[in-house]
Structures are given as structure tokens and as C-alpha cells.
Amino acid sequence: MTSLSPVAVLSDLDGVLVDSGDSIEVTWSTWARGHGIDPEVLRGRIHGRPAGAVIREVAPHLDADAEAAAVSQMDIDGPPAKLLPGAMELLRGGAGVPVAVVTSCPDALAHVRLTAVDLPVPEVLVTSDRVSVGKPDPEGYRLAASELGVDVGGCVVFEDAPAGVAAGVAAGAVVVGILTTHAADELVAAGAIEVAATVADALALFTAADRAE
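Quantities reported herein were computed from a predicted structural model and do not represent experimental measurements. (Residues numbered from 1 in each chain as written. Predicted model: local features only at pLDDT ≥ 70, side-chain atom pairs only at ≥ 80, totals over all residues. Heavy atoms only, no water.)

Colleague: Would you mind going over the side chain of Glu159 in detail, with residue names and values included?
Modeller: Structurally, the position occupied by Glu159 is in strand 6 (residues 155–159). Separated by 2.5 Å, the side chains of Glu159 and Tyr141 make a polar contact. (Helix = DSSP H or I, 4+ residues; strand = E, 2+ residues; numbered from the N terminus. Polar contact = N/O pair within 3.5 Å; in protein donor to acceptor, adjacent residues only side chain to side chain.)

Colleague: Give me the packing of aromatic side chains: which residues, what numbers.
Modeller: Counting across every chain of the model gives two aromatic pairs. Ring centres of Trp28 and Trp31 lie 5.4 Å apart, and the angle between their planes is 75 degrees; this geometry places the pair in the edge-to-face category. With Trp28 and Trp31 both in helix 1 (residues 21–34) and three residues apart, this pair spans about one turn of that helix. In this pair, the class of Trp28 matches that of Trp31, namely buried. Measuring from ring centre to ring centre gives 6.2 Å for Phe158 and Phe206, while their planes differ by 40 degrees; the resulting arrangement is tilted. (Phe/Tyr/Trp six-rings, centres within 6.5 Å; stacked < 30°, edge-to-face > 60°. Buried < 20%, exposed > 50% of the residue type's maximum accessible area, 1.4 Å probe, protein only.)

Colleague: Can you lay out the confidence of the model for the protein chain for me, pointing to particular residues and giving the numbers?
Modeller: Atomic detail in the predicted coordinates should be set aside for any region of low pLDDT. Averaged over every residue, the pLDDT of the protein chain is 90; the share at 70 or more is 96%. The model gives residues 208–213 a pLDDT under 50, and that stretch makes 15 contacts with residues more than four places away or in other chains. (pLDDT = per-residue confidence, 0-100. Contact = heavy atoms within 4.5 Å.)

Colleague: An account of the sheet that holds strand 6 is needed here, citing residue identities and associated values.
Modeller: One open sheet holds the six strands; their spatial order is 5-4-1-6-7-8, and the pairing between them is parallel. Of all strands in the sheet, those bounded by a partner on one side alone are strand 5 (125–126) and strand 8 (194–196). Both strand 4 (residues 99–102) and strand 5 contribute to a ladder of two bridges, which runs parallel. Pairing of Val101 across the sheet is with Leu125, part of strand 5. (Pairing = 2+ DSSP bridges.)

Colleague: Give me helix 4 (residues 87–94): which residues, what numbers.
Modeller: Listed as buried for helix 4 are Ala87, Met88, Leu90, Leu91 and Gly94. One or two residues past the end of helix 4 sits Gly96, with phi positive at roughly 75 degrees.

Colleague: Now, about helix 6 (residues 139–148): what can you tell me, with residues and values included?
Modeller: Taken together, the buried positions of helix 6 are Gly140, Tyr141, Ala144 and Ala145. Within helix 6, the buried residues cover an arc of 130 degrees as seen down the axis, which keeps them to one side. Looking at the buried positions of helix 6, the neighbouring elements they touch are strand 1 (8–11), strand 4, strand 5, strand 6 and helix 7 (162–171). Backbone geometry just after helix 6 places Gly149 at a positive phi near 75 degrees. (Arc of directions from axis to C-beta.)

See below:
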């Protein structure tokens, strides 16, 4: 098993720290049907990516920014997220290193996701509002490392979707895939060096010297 000794952890939000799958699936299916789009077209596209990027792919005739805002509001009004194992430990310092969250959610939705399950909002929170290009582009992860004051090459990224894994790899970080929304082979193919069922299991990969007492 891989042993990790990072200078910081850069974690995705949905599918890693919180389970928002019900909300995401309901929101996108409702949105698609409202525009006469078969929800099956969205399969494999919606997890770990900004809403605007998805909309530009499947409905280029629509105003992507306006539709993304509508999707975000539907998510806010949808079923609440559920806390995933290890998330609270990670954001309360259980990794023994600084932690940032890098998400494809806009800021308002990210705060709703975190507060719904009583997770602390990290000092460094990179949302889709703060980057010019979303995952799989590495901008978000590079920005998070910069704001933590660390070299992204020494960071470990936790991601559940291939687009997010690709973003972490492109940024130069080591990526651990979290097996909540995609199969292990998909995450490894995208560049994950290791996979874990949950963040709790991923933290077990850290060397003892880097674990908080």
C-alpha cells in the first residue's frame, strides 16, 4: 500500500467530503427534462465539473451562465448533503497538515454543502467563482496550493471523479481517488496513484509521523 507524506491536502467537496449525489442527480435530470434534453446525455458528464462547462457541451444554444446559476439554485433548494466518513477528521486537522477545499460548486452552494453537515469552512476554499477554467484544468488546485503557501508538487489531492483526478495530476500533485461516484479503474486511468473507499481510508495511507496526535 502507498505511504503518503504530503505538505498539504487539497480536497474536492462533492463525493469526497459530502454525499450530494441525490441532489445532483435530481437537479440535473429536472433541468434536462425542462429543456427537452434526455437526462441520459448527462451520464458521465456532471460529476466534478462546473455546471457551465456541462451546459456548453450538451446545450450550446442556451445561455450557459444563466443556466448554471439556475442549476446552482436548484441544488441549494434540493436534498441536503450527507457527511462522508473521514470528512470531519480531515477538516479538523486529522491529516496533520494544512487542508484546502477545491470544488466545482459556486461559492454559495459550497457553503450550503459544508454547513448542512456542520463541516468547518476551510480558510482556503476555491470555488468555481474563483477560477477562469474549471476541472479538468489544474487552475483550482494550483491556486489552492499557492494560497496555502506550499508547493503543489508536495500536495495530495482527494478526488472522486476523473475530471478532478486529471486536474490534480495536471497541477503536479499526487492524487488519491475516492470510490464514491466512479470505479477504481476510471480513477486510475485518469492518473490516481491509489484509491480508497472514503477519506477515512485515505488518511490511513499517511505516514504515522504526519498524523495528528
